[in-house]
Amino acid sequence: MRYIFITGGVVSSLGKGIFAASLGKLLQARGYRVTLQKFDPYLNVDPGTLNPYEHGEVFVTHDGAETDMDLGHYERFLNILTSRDHNVTTGKIYQTIIERERRGEYLGKTVQVIPHVTDEIKRRFTLLSQKEPYDVIITELGGTVGDIESLPYIEAARQLHYELGPLRVLFVHLTLLVYLEATQETKTKPTQHSVKELQQAGVQPDVLVCRTSRPIPKEMRAKIALHTNVPKNAVIQALDVPLIYQVLFQLRKEKLDEVILRRLRLPLRGEPDLSQWATFVERLQNPQATVRIGLVGKYVELHDAYKSIHEALMHAGGWQSVRVEVEWIHSADLTPENAERRLLGLQGILVAPGFGERGIAGKILAIQYARTRGVPFLGICLGMQMAVVEFARHVLGWTEAHTTEIDPSTPYPVIDLMPEQRHLRDKGGTMRLGAYPCEIRKGTLAWKVYQAPLIYERHRHRYEVNNQYRSTLEEAGLVVSGRYPEKDLVEIVELRGHPFFIGVQFHPEFQSRVEVPHPLFKAFVEAAARHTPD
Ligand code: GLN
């Protein structure tokens, strides 16, 4: 078992998650059993309660944890499952310690950052190794070196390196080379300083990965190496690339995987097998057609808020050699006056998940447009719930139908809380979360898409289709094609007579993979590609 720690320097948003996932993929492609975990220095127990503007998407694991979106990259790149143990926050660490302290388990000792917090961090660094026999565990440390809140993590990693030795613990530091437009030169000083910062904390990076917009000359590598104490061949250039799927080819060209394996005394085992990956990138770059899909949501200014959806569309399009042009449509901008103009020409409409009132009217308008104009439609979670509301309002004529999340006194609560959700006080971690089985009804669109009687998809919501109205909705033409059998909950709805109209209570986007696109997104993009807009 080897541990690779990835730290970041100079600035945040360097693409550490993509880098970590790419490195993981390279090692996996050489036959190693690899997993990745993320440690976040913030005090929230998990990102579940964070606003998407703060944090981007919340990724939901199979076992129902609300986690950092980098876990999405890990799952998509390596086609692996992560779990609640793959994302640790300072909030979680302290929660454990404080609970232990209250139980008196520290036996009268003063509880301190060192050793108690660092011990708990170390326990979690190595926890995954007790569950599965991985060869390599890659740990991405969130934040930027030099942040006060990162210090206990760096200290804990230093201790692990001391305890297990340099053959089992390796540090990769990802940094930025700053390019100055005015003088047209690449500057290495901020990188030198960020390495110094690490060294001051007792950590010597073994590998330095330099994000750069221009290729770095040989002398510059030598200079960086000299000033940072990193061997020249371990100063790796990570040139900006247009697609996140190309990063691993860049790293491979720089022999990052070889440098790391040699340093850990692990055999190279020949060449990494990236053929499937290369086929995907090749198709993605040579599209035979373009399809315009409108993504209607209320956080569209921040594309990261819909990361997994965007990725799932890329996977689906790429494999079909179709370029998916995503049109980001702010649901709060759609009005009865402009909806027609804004939506015209789209070949598919995806209404995104979400919470709360803002933009709801716009979502309903977009759904109505898709339903009445025969535009392929995919509604996810809140998008599905609003499809049911739209149907109730405009097909059944219940103009005040709504979800009780937004209108608690609606006369037609077609979407409502489950009884077990009613008395919950805590917001964090209390939704219907994680994978649930869904039984698919034969002869439906869902059946055609999944071609299986039983599927598992991941959930993150409190509200459900109200079964009290189900038969009336079905009689009017709404088809319930997927059900959670144990509780008889509606999981998938579709429309009879429409070329492609499907709403899902779950989040299919969390299960799409670069090498295995998700069937629902595949079918949606296919239908959109076939659709000629009015
Ligand atoms: N707000 C809705 C609910 O809680 C939908 C959630 C979502 O779209 N993820 O049920």
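Predicted, not measured: the structure shown is a model, and the values here were computed from it.

Caption draft 1: Quick peek at the site of the ligand. Lining the immediate environment of the ligand, one finds Pro-353, Gly-354, Phe-355, Cys-381, Leu-382, Gln-385, Glu-405, Arg-460, His-461, Arg-462, Tyr-463 and His-507. With respect to the ligand, the side chain of Gln-385 contributes an N or O atom lying 3.1 Å from an oxygen atom. In the model, a nitrogen atom of the ligand is placed 2.9 Å from a nitrogen or oxygen of the Arg-460 main chain. The protein chains hide 99% of the 300 Å² of surface that the ligand would expose on its own. Among the residues making up the shell around the ligand, the classes are represented as five nonpolar, four polar and three charged.

Caption draft 2: Expanded view of the packing of helix α7 (residues 189-200) against helix α8 (residues 218-228). Where α7 meets α8, the axes come as close as 10 Å, and the angle between the chain directions of the two elements is 25°. Taken together, α7 and α8 sit at an angle that is classed as roughly parallel. As α7 runs across α8, the sense of the crossing is right-handed. Residues Gln-192, Val-195 and Gln-199 of α7 touch α8, and the partners they reach there are Lys-223, His-227 and Thr-228. A per-class count over the contact of α7 with α8 returns one nonpolar, four polar and one charged.

Caption draft 3: Broad picture of the sheet that holds strand β22 (residues 489-495). One open sheet holds the nine strands; their spatial order is β13-β12-β14-β15-β23-β22-β21-β18-β19, and the pairing between them is mixed. Looking at the sheet topology across the chains shown, the edges are occupied by β13 (322-330) and β19 (454-461). Taking the axes of each pair of neighbouring strands and ignoring which way they run, one obtains an average angle of 25° across the sheet. Two elements, strand β12 (residues 289-297) and β13, share nine bridges in a ladder whose sense is parallel. When the bridges of β13 are listed, Thr-290 appears paired with Arg-323. Of the strands in this sheet, β14 (348-351), β15 (377-380), β19, β21 (478-484), β22 and β23 (501-504) touch helix α15 (residues 382-394), which is tilted by about 115° from β15.

Caption draft 4: Representation of the pairing of strand β6 (residues 136-141). Burial analysis of β6 places six of its six residues in the buried class, the great majority of the element. Side chains Val-136, Ile-138 and Glu-140 of β6 all project onto a buried face; the interleaved residues Ile-137, Thr-139 and Leu-141 project onto the opposite face, where all are buried too. Pairing of strand β1 (residues 2-8) with β6, which is carried by five bridges, proceeds in the parallel orientation. Bridging across to β6, Arg-2 finds its partner in Val-136. Bridge analysis of strand β2 (residues 34-40) against β6 gives six bridges, and the strand direction is parallel. Across the sheet, Val-34 pairs through a bridge with Val-136, a residue of β6.

Caption draft 5: Just the pattern of salt bridges, in detail. Inspection of the entire model under this criterion finds 42 salt bridges. The shortest N-O distance in the salt bridge between Glu-140 and Lys-38 comes to 3.9 Å. Placement of the pair is Glu-140 in strand β6 and Lys-38 in strand β2, with a sequence separation of 102 residues. Overall, Glu-140 belongs to the buried group, its relative accessible area being 2%. Looking at Lys-38, the relative accessible area reads 6%, which means it is buried. Between Asp-534 and Arg-373 there is a salt bridge, with its nearest N and O atoms 2.9 Å apart. Of this pair, Asp-534 sits in the segment after α18 (519-530) while Arg-373 sits in helix α14 (residues 360-373), placing them 161 residues apart in sequence. Under the relative-accessibility criterion, Arg-373 is labelled partly exposed at 28%. By sharing partners, the salt bridges in this structure join Arg-30, Arg-252, Asp-257, Glu-258, Arg-262 and Glu-271 into a single network.

Reading the values: the criteria
Residues numbered from 1 in each chain as written. Predicted model: local features only at pLDDT ≥ 70, side-chain atom pairs only at ≥ 80, totals over all residues. Heavy atoms only, no water. Near = heavy atom within 4 Å. Polar contact = N/O pair within 3.5 Å; in protein donor to acceptor, adjacent residues only side chain to side chain. Areas by Shrake-Rupley, 256 points an atom, 1.4 Å probe, with all protein chains shown as cover. Nonpolar A, V, L, I, M, F, W, Y, C, P; charged D, E, K, R; others polar. Axes fitted to C-alpha atoms, helices over the stretch in contact; angles between N-to-C directions. Helix = DSSP H or I, 4+ residues; strand = E, 2+ residues; numbered from the N terminus. Parallel < 35°, antiparallel > 145°, perpendicular 65-115°, else oblique. Left-handed = near helix turned anticlockwise from the far one by under 90°. Contact = heavy atoms within 4.5 Å. Pairing = 2+ DSSP bridges. Buried < 20%, exposed > 50% of the residue type's maximum accessible area, 1.4 Å probe, protein only. Salt bridge = Lys/Arg side-chain N within 4 Å of Asp/Glu carboxyl O.

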